[in-house]
Amino acid sequence: MNKNDSENVLDSQREGKPFGNVLIVGLGMIGGSFAKALKEKGLATLYGADRREGELALGVSTGVIDYPAALTAEYIAHMDVIVLATPVRAMESVLLEIQPHLKDTTLLTDVGSTKGSVVSAAKKVFGEVPANFIPSHPIAGAEKSGVLAANSQLFEKHMAIVTPLVDSNPALLDRLHQLWSAVGSDVVSMDVEHHDHVLASSSHLPHLLAYTLVDALANSDRSQDVFKFAAGGFRDFTRIASSDPVMWRDVFLSNKEATLATLDHFTERLAVMRTAIEQGDGASMFGVFTRAKSARDHFLRLLEQRTSAVPKEVRPVSISVAPASSIKGCVSLSGDKSLSHKAITLACLAHGVSHLRNVDLTGDVRVTVQAFRDMGVVIEEVAADQLRVHGVGLKGLKAPIAPINVHQSSVSLHLLLPVLAGQDFPVTLVGEGALLNQPMKALFNLVRSMGGHVMTATADCLPVSLAPSTSQRVSLVLNSGSKRLHAAALLAMLYSPEGAELQACKYGVSQVKALFSCFGLDVSLNGSVVSLMPATPQGADIELPGDVNQTAWLTLSAVLSPGSRLAIENAFVGEMASPYVSFLQSIGANIRVAEQQLAGFEVGKLDVSFAPLSCFELAAADVYGLRNELAFVCVAAAYASGVSVIRGLSDLPYYYEDRILSLVDALTHFGIVCEYSSGNLSITGGVPLGGEVDCAGDYRLALAMLALGLRSREVTKVNDCQKLLEEFTELGSVAAQLGFHCAVVQ
């Protein structure tokens, strides 16, 4: 076949193929996998060039490539894409061979793990980096080598980094993005220098450590026993030491500066760890281990997001309630969830070690714990409900390695944001689900009043970024708002350079006031004026009282159920917790309270039994104090004799009103007569019919609906209870212990 015939054949091969003729120079595992992926998808005609004739022959015989090729004008001039998959130190010699024949319209790229040396080689050969040469690097591989290790799925759900230069051809750059996307990669762009430093840390250093460790152990006096008794951890850590030694020698020689900088940083941290072991400094070691675990868990979450083929199925969860339960027994409840969030926050900001007992570590409390661990706080789980927290002081937090994810925890967001506004590093907070669509104007304005630089998404929603700023005196007015907003305000006051002042509602502050006093902070409440002098919290030993919501639900359930005899040993009582118990007593509930003082909290034993309830009328001021228990109040009204009136619902923050309107729909569905007009609600007591209702994932609403079904005529089924079971993990065991007949249905 003469030259013209050969060229015609080459030109005809590209027809109907999106990427035309593609030449892979170097048929190792990476080059072979790339060729195989394109070939199986029918995206190109694949040519291969390799100095190892055996690999080239295997490439053709195994179907990795279509045709062998040489680095001559006959082939180079007819290629649409050329991929350099040779060792990085061989790049210069390969570029010298193809340079005379390369067309400006041919996309030239590489797959090397260092970019600076490749760019330098291109400049040396071409005089400057040609516009059609755009380096790239797939973050994928294995310890195997050679064309027989080619895997067409190698790049699926893995990152591919493109490192364009200032003069790169934009059309070819776009084509390079398409090329990597076509083999399943998630493509990102990065500048050359940043790429080399990132890879020196994430890839090159781990390989160096693995090689060095295996070599050191192999040459030790106990080498035979070391390898004989080594287990899975040694295998996993040293797996990458089976990679191609030639390739990695070239990598370290080509990326010397970035590797040395990363190695020096690691050596410094290793010296710190050696000192901690030598001095028996367990807290320092634990801090390193927990921060490392947090960082690796973050990496695994990112990896799972990239590699997950299908979204996880979330199965709906319902709870059915059989009527005629009687609540009997004695119970000690897990710690109050809201106080658990706040106690952990203050312990992290304290000077010294805090011991927290009866902490609720379920649900979104874990979000708060994880956030502080991500910022360098050592938090030890001594038992299932006990923590030992090594406080770092008000401004001792460290910058996290990634944005802090509060998931769907509004409480965590409210507590973390003012604390982070007082730190000296920038940080971003992100969320998930419904929390992303909730406007947080009041909270963001509170942080702005601290002097914080707040950058948010549109409509004051997440994500939110904070930049370091100069703190200023905090002076706030909160005539209404949630307890979490009041807690955020008090935390903001800790960072005020002078005394801070807050106009607030007593029902929003009194609970937090008690907790602050446990950490040596003096919060004074004079009418509606709250004052707090700046001071660092001190480590404390605290046992938290039982959860307020669980107490409210169980108390109401026992009051409504004939034959009930309930004792709650560690109930959080008094107006410091809520006026709820006093309210129930005022409408006829049979509740006896034996109070005691526990670490600043009013804690009491509640003895509760069945009693008929009378109708009532609540003024707007009373409604505000009962806002968190208002769904339970409405259920009490549904069983009370006569017509009960609840005023001022429209004055509450919207989410409280929305919860009650959802409950009103359920009451009406159950045959209870309700009328709502101009913020006032009337409920005529009766016997609920029962049936199927939906709590829309609302924790308190779900509990209220369960109580509503206790004496209904038929079985009550409450849908969308997944959040309830996440937040109240002991629901099943508590219900079984006390005789509350309910069952989880999926």
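Going by the structure above, here's the rest.
Residues numbered from 1 in each chain as written. Predicted model: local features only at pLDDT ≥ 70, side-chain atom pairs only at ≥ 80, totals over all residues. Heavy atoms only, no water.

For the rest of this paragraph, the subject is the overall build of the protein chain. When you go through the protein chain residue by residue, the secondary structure sums to 27 helices and 32 strands. With the C-alpha coordinates of the protein chain rotated into their principal frame, the extents come out at 105 × 60 × 55 Å. Residues classed as buried in the protein chain amount to 50% of the 746 residues present. Put simply, of all contacts in the protein chain between residues at least 6 apart along the chain, 75% involve residues at least 24 apart. Carbon and sulfur atoms provide 52% of the accessible area of the protein chain, an area that totals close to 31,900 Å². The distance from the centre of the 58 positive side-chain charges to the centre of the 75 negative ones in the protein chain is 3 Å. (Helix = DSSP H or I, 4+ residues; strand = E, 2+ residues; numbered from the N terminus. Buried < 20%, exposed > 50% of the residue type's maximum accessible area, 1.4 Å probe, protein only. Contact = heavy atoms within 4.5 Å. Areas by Shrake-Rupley, 256 points an atom, 1.4 Å probe, with all protein chains shown as cover. Lys, Arg positive; Asp, Glu negative; His and termini not counted. Charge placed at Lys NZ, Arg CZ, Asp CG, Glu CD.)

Considering the arrangement of structural elements, one finds His137 in strand β6 (residues 136–138). According to the relative accessible area criterion, His137 is buried, its value standing at 6%. Looking at His137, its side chain comes within polar contact range of the side chain of His195, at 3.0 Å. Contact partners of His137, with chain neighbours within four places excluded, come to Asp110, Val111, Gly112, Ser113, Lys115, Met159, Ala160, Ile161, His195 and Leu199. (Polar contact = N/O pair within 3.5 Å; in protein donor to acceptor, adjacent residues only side chain to side chain.)

For strand β23 (residues 565–572), the tally of buried residues reaches six of eight residues, placing the bulk of the element in the interior. Pairing of β23 with strand β25 (residues 601–609), which is carried by six bridges, proceeds in the antiparallel orientation. From the neighbouring strand, Phe572 faces β25, where its bridge partner is Val603. (Pairing = 2+ DSSP bridges.)

With that out of the way, let us pick up the packing of helix α20 (residues 548–560) against helix α23 (residues 630–639). Orientation of α20 relative to α23, taken along the N-to-C sense of each, is 5°, at an axis distance of 11 Å. By the angle between their axes, α20 is roughly parallel relative to α23. Counted together, Asn549, Ala552, Trp553, Leu556 and Leu560 of α20 and Phe632, Val635, Ala636 and Tyr639 of α23 form the full contact between these two elements. Of the residues assigned to the contact of α20 with α23, the class counts are eight nonpolar, one polar and no charged. (Axes fitted to C-alpha atoms, helices over the stretch in contact; angles between N-to-C directions. Parallel < 35°, antiparallel > 145°, perpendicular 65-115°, else oblique. Nonpolar A, V, L, I, M, F, W, Y, C, P; charged D, E, K, R; others polar.)

Read from one edge of the open sheet, five strands run β3-β2-β1-β4-β5, paired in parallel fashion. What marks the edges here is a single partner per strand, and that holds for β3 (67–68) and β5 (107–110). The pairing of strand β4 (residues 81–84) with β5 spans four bridges and is parallel. When the sheet's bridge partners are listed, Ile82 is paired in β5 with Leu108.

Next up on the list: helix α5 (residues 91–98). Those residues of α5 lying buried are Met91, Val94, Leu95 and Ile98. End-on, the buried residues of α5 take up no more than an arc of 100°, which puts them together on one face. Contact partners of the buried residues in α5: β1 (21–25), α4 (73–76), β4, β5 and α6 (116–126). (Arc of directions from axis to C-beta.)

As a further point, take the packing of aromatic side chains. Taken as a whole and assessed by the stated rule, the structure comprises 14 aromatic pairs. Aromatic pair Trp553 and Phe740: ring centres 5.0 Å apart, planes at 50°, arrangement tilted. Here Trp553 is found in helix α20, whereas its partner Phe740 is found in the loop between α27 (731–738) and β32 (742–745), with 187 residues between them in sequence. According to the relative accessible area criterion, Phe740 is buried, its value standing at 4%. With 4.9 Å between their ring centres and 50° between their planes, Tyr655 and Tyr656 make a pair best called tilted. Following the ring pairs from residue to residue traces out a cluster consisting of Phe34, Phe155 and Trp180. Directly above the ring of Tyr624 sits Arg627, whose terminal nitrogen or CZ lies 4.1 Å from the centroid. (Phe/Tyr/Trp six-rings, centres within 6.5 Å; stacked < 30°, edge-to-face > 60°. Lys NZ or Arg CZ within 6 Å of the ring centre and 35° of its normal.)

Once that is clear, we can look at the nonpolar core. Ranked by size, the top nonpolar core spans 83 residues in total, and within it Leu356, Leu429, Phe516, Phe519 and Phe601 carry the most contacts. For this core, the leading source of residues is helix α18 (residues 483–494), giving nine residues. Look past the residues within four positions of Leu429 in its chain and what remains in contact with it is Ile404, Val406, Leu413, Leu416, Leu417, Leu420, Leu462, Pro463 and Val464. Of all hydrophobic cores here, the second largest spans 77 residues; its members include Tyr580, Leu652, Leu703 and Leu706. (Core = buried A, V, L, I, M, F, W, Y, C linked by side-chain atoms within 4.5 Å.)

We now examine the pattern of salt bridges. Overall, the coordinates contain 22 salt bridges when judged by the stated rule. The salt bridge partner of Asp50 is Arg52, with a shortest N-O separation of 3.0 Å. According to the relative accessible area criterion, Arg52 is partly exposed, its value standing at 43%. Arg373 is the partner of Glu381 in a salt bridge, and the nearest nitrogen-oxygen pair spans 3.6 Å. (Salt bridge = Lys/Arg side-chain N within 4 Å of Asp/Glu carboxyl O.)

Time to look at the side chain of Glu629. Within the element layout of this structure, Glu629 appears in the loop between α22 (620–625) and α23. Here Glu629 sits buried without a salt bridge, and the closest side chain of opposite charge, Lys483, lies 5.0 Å off (N-O distance). Setting aside its immediate chain neighbours within four residues, Glu629 contacts Val548, Ala552, Ser578 and Tyr580.

As a further point, take the sheet that holds strand β7 (residues 159–162). Ordered by their spatial adjacency, three strands build an open sheet running β6-β7-β8, and the pairing between neighbours is mixed. The two strands at the open ends of the sheet, each matched to only one other strand, are β6 and β8 (186–189). Adjacent strand axes in the sheet meet at a mean angle of 20°, parallel and antiparallel pairs treated alike. Bridging between β6 and β7 involves three bridges; their strand directions are antiparallel. Within the sheet, the bridge partner assigned to His137 lies in β7 and is Ile161.

Pairing analysis gives four bridges linking β7 to β8, with the strands arranged parallel. Bridge pairing in β8 places Val162 opposite Ser189. In this fold, β7 hands off to helix α7 (residues 170–182), which returns the chain to β8; that crossover is right-handed. (Right-handed = clockwise from strand over helix to strand, strands pointing away.)

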